[in-house]
Amino acid sequence: MSDLKCCVISCDKPLDAAYWEAQYETKSTGWDLGEISPPIQTYLDTVTDKKSSILIPGCGNSYEAEYLSQQGFTNSTVIDIAPTPVAVLKEKFKKNPNIQIILGDFFEHLGEYNLILEQTFFCAIPPTMRQKYVWKIHQLLAKEGILVGLLFNRTFDSGPPFGGSKVEYEKLFKDAFHFLKMEMSPNSIAPRANTELFFELKKNNDVVVNLYEFEGITCSGCMETITEKFLAVDGVLNVSMSSNFAEVLIVSKNEIAIETLQQMIAYDEKYLIKKIKN
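Predicted, not measured: the structure shown is a model, and the values here were computed from it.

**Focus: the packing of aromatic side chains**
Item 1. Using the criterion set out here, one finds 17 aromatic pairs in the structure.
Item 2. A centroid spacing of 5.2 Å and a plane angle of 75° characterise the contact between F106 and F121, whose relative ring orientation is edge-to-face. With F106 in the loop between β3 (99-103) and β4 (113-118) and F121 in the loop between β4 and α5 (130-140), the pair connects residues that are 15 residues apart, well separated along the chain.
Item 3. Residue classification places F106 among the buried residues on the basis of a relative accessible area of 4%.
Item 4. Seen from their ring centres, Y133 and F173 are 6.4 Å apart, and the 80° between their planes marks the pair as edge-to-face. Taken together, the residues span a long stretch of sequence, with Y133 in helix α5 and F173 in helix α6 (residues 166-173) at a distance of 40 residues.
Item 5. Three or more aromatic residues joined by ring pairs make a cluster, and in this case those are F106, F107, F121, F122, Y133, Y169, F173, F177 and F199.
Item 6. Of note, R154 hangs over the ring of F156, and the distance from its end group to the ring centre comes to 3.9 Å.

**Some words on the environment of K143**
Item 1. Its place among the elements puts K143 in strand β5 (residues 141-152).
Item 2. C-alpha of K143 to C-alpha of I226: the two residues are 83 residues apart in sequence and 31 Å apart in space.

Each value, and the rule that gives it
- Residues numbered from 1 in each chain as written.
- Predicted model: local features only at pLDDT ≥ 70, side-chain atom pairs only at ≥ 80, totals over all residues.
- Heavy atoms only, no water.
- Phe/Tyr/Trp six-rings, centres within 6.5 Å; stacked < 30°, edge-to-face > 60°.
- Helix = DSSP H or I, 4+ residues; strand = E, 2+ residues; numbered from the N terminus.
- Buried < 20%, exposed > 50% of the residue type's maximum accessible area, 1.4 Å probe, protein only.
- Lys NZ or Arg CZ within 6 Å of the ring centre and 35° of its normal.

If you want it as structure tokens, here you go:
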């Protein structure tokens, strides 16, 4: 799927602001469709509240925001870490009060939104940050808020983009969200046909979602053991650890004391857990 290639500068570089800025400077933006993605357009055509607060993270050229404005939506926010697309959008929409454009890091963003659109942002961040993504999305969504968009249902030899599977996503978002839909997209663009999942998730307001730093794990076997121990804690519903073992996402019915979690891993003095603050 050559249309998705970026990494023209170097896939070995950190996926930071400088990396993404280089992609735009060299026009290495193979993920850019040049228009709103058909599945997202189809969904937005069903949204009746034109005053809904909407966030588009990793917005790039943000054809979605333009479409929203054309359809009469009045409260869209777009954010990207790369200066070039943000500058282009600010010039393009300088007379449009319905679109707020932010240069910044999504994971540091504050706000509350009724709807968050996912379009080639999740697949652009390192897989080690997926637990942080779930945590942050849950924070930013208002009560009854919706996360909707597209996820790749395939793997790639290297990334970005980074792929995944329906089973993997279901485990990742489990209990933090109610699954309204996650199915093969019927109207993806031709180069991505049968490789995209369209999903719609509703924020679960009855749970606590926390992210923790974790130290000491060196293998997947240890990760599985620790996951089982945390799941045994009363009130814990789901546990998901990052692929580099550095962070763990815990969804629970109530706040779990850090002392309780530390006690569960006290059998190995190398293991340390620390809550990441909002």
